[in-house]
Amino acid sequence: MKEYLKINPADNVAVAISPLSKGTVVDIDGDSITLVSDIPAGHKFALRDLAEGENVVKYGFPIGHAIHQIARGSFLDHNDIKTNLAGQLDYTGLTIDNPNPSAPGSHLQGQEATFEGYLRPDGQVGIRNEIWVIPTVGCVNGICKQIVDRLVAETGAEGVDSIVHFPHNYGCSQLGDDHENTKKILRDMVLHPNAGGILVVGLGCENNQPKVFEEFCGDYDKNRVKFMVCQEVEGDEVEAGLKILRQLYEQAKTFKRTTQPASKLRIGLKCGGSDGFSGITANPLLGEFSDWLCDQEGGTTVLTEVPEMFGAETILMRRCANPQLLDQTVSLINNFKEYFLSHGEPVGENPSPGNKAGGISTLEEKALGCTQKSGKGPVFGVLEYGDRIKEHGLNLLSAPGNDLVASTALAAAGCQMVLFTTGRGTPFGTFVPTMKVSTNSGLAKRKPTWIDFNAGRLAEDQTMPEALKEFAALVLAVASGKLVNSEKSGIREIAIFKNGVTL
């Protein structure tokens, strides 16, 4: 097992893989360095003397600058490094590395991988066959719960994967973009292939008018999606909703899993509660998986958390497939910076306390680890918040770093599953299977009911090809019906991005 790692030849810091004691001599690039501090696992130590104001380099890029002189062999963290990030940047002159690259899947070698999924009438493929009850407004959350509880009590959900409702606080007293965001996310859920039957429940007097929302959903599957407005129901609205839901349940049971190509998968890429191992183990593994899936004749992955691209955004920009996508990515970054600045907040006010405790000192350091989830493939699509996937291959999606808001946005874009790397651990799950990938083995051992895959072995004795083979097999198994831990725990939530006024 490695005890320490210099990630890039240009780095002037290395990372402790296991705790290192003061006085330990480490040999890096033929240079013997005596540690002058204890170094916790996941944290950095200086490979040479660093002057005040000098850039600290990790992953081959600056992650900030030293705020005081740092001696060779010293421990350094957020108390020693300050971000270089400021406001919006002018990317004029930035060019893309490979204009008009080959389409996703054009480099596939051998037989395409498959999974067992649910082919829907519109051609989409779901990896779950669930019954969903979706409120148009928070006022009917309780009604939705009663309808679901009644059907579960009657049927035990036998013949479908789950029967669930998704409470939220919105749908009324919202204006402008907030109102549109709520409509978009709920519409995207209505159109999602992981549900075999959907009942949309409205109140009747809300801003998100049920009839208007139904039109907003466009060409939806009227056999699989039904609407009910509580104020228009004579008598017991729970009984009326239950009657509709029984019909949807009986129809949903007729869907059967069939063999589908892996190119039908759309997978969200997300990280949270990161640590110093995130950019060494779990995030690079997701990057390898993203490249693998996008080579499956048109598989699709989606990267989000725009604030956690700050400081590493040019890496993604250079990988855009054409100049138009470069322009869209520049807008993606600068528009989110403007969101921060418009609220009087600095763009570099991150990482979180948990990130810092895990060994991440600046937003640039977090971003350089975060963007590794995207692999090395070209960017073929850029999505605004609430948009649905249109292009195969790697996509970028506008959403904040908040775990549940971002994961909901990924699922709403059309992802049937979210892959979530974490060094600190979290139990949450959004409305699609949310697979937790630990960055270190200690977390996987402490929280076996949270973690689905331990990427920490990459820092120990497992090779990347071995890990990718095992991980891809697990993703295909989950797509074929294997439950992730958040599903086993019944944790299913949504969160909608809010920016403006509540009336």
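Chemist: Residues and numbers for the packing of helix α1 (residues 141-155) against helix α4 (residues 237-252), please.
Modeler: How two helices sit against one another is set out by the angle between their axes and by the gap between those axes. Relative orientation of the contacting elements α1 and α4 amounts to 50 degrees, with a least axis distance of 9 Å. Classified by the angle between their axes, α1 and α4 sit oblique to one another. Two packed elements cross with a definite hand, and for α1 against α4 that hand is right-handed. Counting all contacts with α1, which are made through I143, Q146, I147, R150, L151, E154 and T155, the residues of α4 involved are E237, V238, E239, G241, L242, L245, R246 and Y249. Residues that form the contact of α1 with α4 fall into these classes: 7 nonpolar, 3 polar and 5 charged.

Chemist: If you had to explain the pattern of salt bridges to someone new, which residues and values would you point to?
Modeler: What the rule picks out here adds up to 23 salt bridges. A salt bridge links R128 to E487; its shortest N-O distance comes to 2.8 Å. On the criterion of sequence distance, the pair formed by R128 in the loop between β11 (125-126) and β12 (130-135) and E487 in helix α13 (residues 485-488) is long-range, its members being 359 residues apart. Residue R128 is classed as buried on the basis of its relative accessible area of 1%. Classification of E487 by relative accessible area gives buried; the value is 13%. Across the pair R246 and E239 runs a salt bridge whose closest N-O atoms are separated by 3.5 Å. A single network of salt bridges, built from pairs that share partners, joins R150, E154, E239 and R246.

Chemist: Requested: an account of the environment of V405, with residues and values cited.
Modeler: Looking at where V405 falls in the secondary structure, it is placed in helix α10 (residues 403-412). Residues V405 and D295, spaced 110 residues apart in sequence, show a C-alpha to C-alpha distance of 29 Å. Beyond its immediate sequence surroundings of up to four residues, V405 is in contact with P400, A495 and F497.

Definitions and cut-offs
Residues numbered from 1 in each chain as written. Predicted model: local features only at pLDDT ≥ 70, side-chain atom pairs only at ≥ 80, totals over all residues. Heavy atoms only, no water. Axes fitted to C-alpha atoms, helices over the stretch in contact; angles between N-to-C directions. Helix = DSSP H or I, 4+ residues; strand = E, 2+ residues; numbered from the N terminus. Parallel < 35°, antiparallel > 145°, perpendicular 65-115°, else oblique. Left-handed = near helix turned anticlockwise from the far one by under 90°. Contact = heavy atoms within 4.5 Å. Nonpolar A, V, L, I, M, F, W, Y, C, P; charged D, E, K, R; others polar. Salt bridge = Lys/Arg side-chain N within 4 Å of Asp/Glu carboxyl O. Buried < 20%, exposed > 50% of the residue type's maximum accessible area, 1.4 Å probe, protein only.

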